[in-house]
Amino acid sequence: MIRFLVNIFLGCLVILIIIPAILVRGFNWKEKEPILDGQETVDLEIDGKILKLPLEEYVKGVVAAEMPADFQLEALKAQAVAARTYALYKQEIKGSLTTDFATDQAWLSKEELRKRWGFFQSFRLWRKISQAVEETRGEVLMYGGKPIFAAYHSTCGGRTENSQVVWGSALPYLQSVECKYCRQSPRYKQELAFSANDLAVATGVDLSAQAVSTGTNVFAITKKSDTGRVERLRVGEKEIAGTDFRKMLGLRSTNFTVQRKGTRFKLTVIGNGHGVGMCQYGSQGLAQEGKKYKEILSHYYKGAKLTTQE
């Protein structure tokens, strides 16, 4: 009986004290000063201050922030290469990076990730992210001897977009490709309904002189890209770029159609993001079909060469 009680006591000691102590010592999530040791670095602007980080550690924070950590490992590897390439491209142009995903790439510290993932999940997910980055260490997509503008987005909705439609510059490695792999995305389809008054408020266009009761001259798509995304539309007498209209109404993408029902409009939006470059949910779908990260990258960045930097 005494031996049984001793065993119970020791078991509780292991569970309550020893295992947590090993976890804490073995996985220290407290932020430390980065050790550079001659590694390639990036300058990351946070709250007006510049943090110098080893490139590979920065990429881990980007992959964790930009792509769901429960994605297939090969999809995470493709994201790691894209994020690394994008960082080098942008840093060469402007010297530093930010954590604003609207202008650069999202990035999260390990402390922020622990809050997002939870204490115990953090260990598993950080190991997975680290594996994806370490197994592609130094790999960069190049074109003409320089890192490419490795644009990427969440969900293309069936076909990626040409770079010139979104940014006005035709980059040979950012041309439209078919993508039938992102239908599982939770942001694949969005449906919205709004009135002519809602439209007037969002766009700042005075529609009081329009025939609102019939919808005449209120809203019409005037130009679409080859991929079916809206390039230009008319609200009242005003021409608006599809990209601007997307921001005004908070749409997930410019790939949308409109149906008028009486005095109201129904908008059906397909995809999420600008649509250029790698489709993240598409890369997940490709990985689920057994494609490796190099195949995923070559599918979305046609003509770009994968190289390893020393």
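In the block above lies the structure referred to throughout.
What counts and what doesn't
Residues numbered from 1 in each chain as written. Predicted model: local features only at pLDDT ≥ 70, side-chain atom pairs only at ≥ 80, totals over all residues. Heavy atoms only, no water. Pairing = 2+ DSSP bridges. Helix = DSSP H or I, 4+ residues; strand = E, 2+ residues; numbered from the N terminus. Contact = heavy atoms within 4.5 Å. Axes fitted to C-alpha atoms, helices over the stretch in contact; angles between N-to-C directions. Phe/Tyr/Trp six-rings, centres within 6.5 Å; stacked < 30°, edge-to-face > 60°. Buried < 20%, exposed > 50% of the residue type's maximum accessible area, 1.4 Å probe, protein only. Core = buried A, V, L, I, M, F, W, Y, C linked by side-chain atoms within 4.5 Å. Polar contact = N/O pair within 3.5 Å; in protein donor to acceptor, adjacent residues only side chain to side chain.

Enquirer: Mind showing me how you'd approach the sheet that holds strand β2 (residues 49-54) here?
Expert: Across the sheet, which stays open at both edges, the 3 strands sit in the order β2-β1-β3 with mixed pairing between neighbours. This sheet does not close on itself; its edge strands, each paired only once, are β2 and β3 (97-98). In this sheet, β3 lies alongside strand β1 (residues 41-46) in parallel orientation, the contact comprising 2 bridges. The residue of β3 that forms the bridge with E45 is T98. Helix α2 (residues 55-66) rests against β1, β2 and β3 of the sheet, and its axis sits at about 105° to β2.

Enquirer: Before we go on, may I ask you to explain the packing of aromatic side chains in this structure?
Expert: The relative placement of two aromatic rings is captured by the distance of their centres and the angle of their planes. Under the criterion given, the structure shown has 13 aromatic pairs. With a centroid separation of 5.8 Å and 40° between ring planes, the pair formed by Y86 and F149 is classed as tilted. Placement of Y86 in helix α3 (residues 73-94) and of F149 in the loop between β5 (146-147) and β6 (152-153) is noted, with a sequence separation of 63 residues between them. Of the two residues, Y86 and F149, neither departs from the other in class, the shared state being buried. Relative to F123, the ring of F119 has its centre 5.0 Å away and its plane inclined at 80°; by these criteria the two rings are edge-to-face. You can see F119 and its partner F123 sitting in helix α5 (residues 119-134), 4 residues apart, about one turn around the helix. By relative accessible area, which is 32% here, F119 ends up partly exposed. Since its relative accessible area comes to 5%, F123 is described here as buried.

Enquirer: Teacher, can you tell me more about the nonpolar core here?
Expert: If you look at soluble globular proteins, the nonpolar side chains tend to sit buried side by side. Of all hydrophobic cores here, the largest spans 64 residues; its most connected members are Y58, M278, Y300 and Y301. If you tally residues by element for this core, the top one is α3, at 10 residues. If we skip the residues at most four places from it in the chain, M278 touches A78, Q79, A82, A151, Y152, H153, S283, I296, L297, Y300 and Y301. Membership of the second largest hydrophobic core comes to 18 residues, among which are V218, L233, F256 and L267.

Enquirer: Could you clarify how one ought to interpret the side chain of T98 in this entry?
Expert: Positionally, T98 belongs in strand β3. Side chain to side chain, T98 and D104 meet in a polar contact 2.8 Å long. Not counting residues within four places of it along the chain, the set of residues in contact with T98 comprises L44, E45, T103, D104 and Q105.

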